[in-house]
Amino acid sequence: MKNRIFAAILALYTAASLCGCADVDGEKTSINESLSSEQTSGSAATTIGQSSNVLFPDKWAEEISDGANSFPTKCKIYKQKRKQFTEKQLLSLFSDSPQKVESDANNEIRYQTDTETGYISNDGILGFYTPEGSLYSSISTSSFLETNGIEDYENVSLDFSTRDEALEQVKKTVQDKLEITQGDLYVQEFYAVKKENVDLYKKMVNEQANIPVTSDNELEQAKWAERAEKLKKISSKDFYYIRLGFNIDGNPYYSGNGFYYGGDENYMIMGYTAELVYTENGIEFVTFINVNETDTSSAEEVEIIPFDKAKELILKKYDDIIFDGEVAVNSIELVYMPIPQNDLGQIADRFETRPFYAFYCTITEERGGNTISEKITTYFDAITGDEFATEQIMLGG
């Protein structure tokens, strides 16, 4: 058990972690409630339309038609470009005047003080951290909180600031100092972690570092020992961890881990990262990756496929292929996704951002005598109805 716990928290000092959620956490959708395994089983679902493979839950019988009213009938197609952060924006995060230092990475600008480090790159990345902020981010993005049964970290307020006050300061920094104005900001994750839980994390690292060294674990234990030594120099205090999301016209902007499309590894949809750590000293960790700026002046308004017609797309997909399993549709969203428009052999920096229907599904089928469940998201162009791609979320047996 202890090895499984620590396998999830190996990255202690990552200043720019690429994380995202598989579901895009939108707010303005008709049916967007995740279902339990019992609800998505064949016994608790109803087949809609002519498909014998695609299952919708019983409770959708009325919501399928009534909920469609909350989906728009028209959307806009936008042009976007990758946001390039400036040195001025980076410097605004420092509490003291930093010195510019040489960076090991190509195309990166880096500044430092004795306690703070910040950098920007021409790939559209901005990072800023203190040693404490980097540690606190690692705690929040690992399984540490959940695995150790720590309660109320998604609800409690800390003594130095209420949740509302902390969020106000974070959004002010994002909008005023970093000049990020894309769509409406919303909160994807908001954790309040107390000092005693930071101490618990340090204790667990120290225990792992003191496991006897053998020929089999020598390299791993050396890393734990180094990590534990660094933690001795880092203070423990209460902190908030906040992961932000973006909406476009009230619809969620794709924030997953990224996936390939079109049968070519040069063609890739990339999610974004927007994470901050807030303490009594202010913001001590910032990572922004793949944030796009929207050109609203060139937006093109188009009609989209009505929701009651869009649900037939997933039915037809599995009617048209040989498939001997079941597909349980867990939720549906209208999602904006950035389609790269520049040379796809390079990192994309210009996009056509369009609305897509996202079907979050669980596929269950027999493979080699074993029952396999696979969570996927299938995207259909909300304007043309064409299938765009399927993103694999999780595979288990």
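It should be emphasised that the depicted structure is a prediction, and the values quoted were computed from it without experimental measurement.

1. With respect to the overall build of the chain
Stage number 1. When its secondary structure is counted, the chain shows 9 helices and 19 strands.
Stage number 2. Taken over 397 residues, the chain has a buried fraction of 50%.
Stage number 3. Sequence-distant contacts in the chain: of pairs separated by 6 or more residues, those separated by 24 or more amount to 70%.
Stage number 4. Element-wise, carbon and sulfur atoms account for 44% of the exposed surface of the chain, whose accessible area totals about 19,600 Å².

2. Here we look at unusual backbone geometry
Stage number 1. For D152, which is not glycine, the phi torsion reads 65 degrees and is therefore positive.
Stage number 2. Inspection of the secondary structure assignment puts D152 in the loop between α5 (144-147) and α6 (163-177).
Stage number 3. Located in the positive-phi region is D249, a residue other than glycine, with phi close to 55 degrees.
Stage number 4. Structurally, the position occupied by D249 is in the loop between β9 (239-248) and β10 (251-252).

3. Examining the packing of helix α4 (residues 131-141) against helix α7 (residues 195-209)
Stage number 1. Contact geometry of α4 with α7 gives a least axis separation of 11 Å together with a crossing angle of 85 degrees. By the criterion of interaxial angle, the relationship of α4 to α7 is roughly perpendicular. Counting all contacts with α4, which are made through L135, Y136 and I139, the residues of α7 involved are V198, Y201 and K202.
Stage number 2. In the contact of α4 with α7, the residues fall into 5 nonpolar, no polar and 1 charged.

4. Some thoughts on the pattern of salt bridges
Stage number 1. Evaluation of the coordinates by the stated rule reveals 12 salt bridges.
Stage number 2. Between E229 and K232 there is a salt bridge whose closest N-O contact spans 3.3 Å.
Stage number 3. Residues participating in the shared-partner salt-bridge network are E352, R354 and D381.

5. Quick look at helix α8 (residues 218-231)
Stage number 1. Along its 14 residues, α8 runs 20 Å from first to last C-alpha, staying within 8% of the 20 Å computed at 1.5 Å per residue.
Stage number 2. Along α8, the residues classified as buried are Q221, W224, R227, A228 and L231. All buried residues of α8 fall inside an arc of 120 degrees around its axis, so they share one side. Along α8, exposed side chains directed more than 90 degrees from the buried face belong to E218 and L219.

6. A word on the packing of α7 against α8
Stage number 1. The N-to-C vectors of α7 and α8 enclose an angle of 145 degrees; their axes lie 8 Å apart at closest approach. Every pair of crossing elements has a handedness; the one defined by α7 and α8 is left-handed. Between α7 and α8, the residues in contact are K202, V205, N206, Q208 and A209 and E220, Q221, W224, A225, R227, A228 and L231, respectively.
Stage number 2. Within the contact of α7 with α8, the residues separate by chemical class into 6 nonpolar, 3 polar and 3 charged.

7. A few points about empty space enclosed by the protein
Stage number 1. On inspection of all chains with the given rule, the structure shows 1 cavity of 30 Å³ or more.
Stage number 2. As for the largest cavity, its lining consists of R82, Y253, M268, I269, M270, G271, Y272, N290, N292, P338, P340 and F351.
Stage number 3. Counting only elements with at least two residues in the lining of the largest cavity, the list comes to β12 (264-269) and β16 (326-340).
Stage number 4. Here the lining of the largest cavity is composed, by residue class, of 8 nonpolar, 3 polar and 1 charged.

8. Remarks on the confidence of the model for the chain
Stage number 1. Mean pLDDT over the chain stands at 82; residues scoring 70 or higher make up 81%.
Stage number 2. Scored below 50 in pLDDT, residues 1-50 makes 142 contacts in the model with residues more than four places away or belonging to other chains.

9. Considerations on the pairing of strand β13 (residues 273-279)
Stage number 1. Counting buried residues along β13, 7 of its 7 residues qualify, which places the element largely inside the surrounding structure.
Stage number 2. Burial along β13 is two-sided: the face carrying T273, E275, V277 and T279 and the face carrying A274, L276 and Y278 are both buried.
Stage number 3. Here β9 pairs with β13 via 4 bridges, running antiparallel. Its bridge partner being in β13, I242 is matched across the sheet by L276.
Stage number 4. Alignment of β13 against strand β14 (residues 282-289), held across 7 bridges, turns out to be antiparallel. Within β14, the residue paired with T279 across the bridge is G282.

Definitions and cut-offs
Residues numbered from 1 in each chain as written. Predicted model: local features only at pLDDT ≥ 70, side-chain atom pairs only at ≥ 80, totals over all residues. Heavy atoms only, no water. Helix = DSSP H or I, 4+ residues; strand = E, 2+ residues; numbered from the N terminus. Buried < 20%, exposed > 50% of the residue type's maximum accessible area, 1.4 Å probe, protein only. Contact = heavy atoms within 4.5 Å. Areas by Shrake-Rupley, 256 points an atom, 1.4 Å probe, with all protein chains shown as cover. Axes fitted to C-alpha atoms, helices over the stretch in contact; angles between N-to-C directions. Parallel < 35°, antiparallel > 145°, perpendicular 65-115°, else oblique. Nonpolar A, V, L, I, M, F, W, Y, C, P; charged D, E, K, R; others polar. Salt bridge = Lys/Arg side-chain N within 4 Å of Asp/Glu carboxyl O. Expected span 1.5 Å × (residues − 1). Arc of directions from axis to C-beta. Left-handed = near helix turned anticlockwise from the far one by under 90°. 1 Å grid on protein atoms, 1.4 Å probe; cavity = no way out; pocket = protein on both sides within 12 Å on 5 of 7 lines; lining within 4 Å. Points joined across faces, edges and corners; volume = space filled by probe spheres on them. pLDDT = per-residue confidence, 0-100. Pairing = 2+ DSSP bridges.

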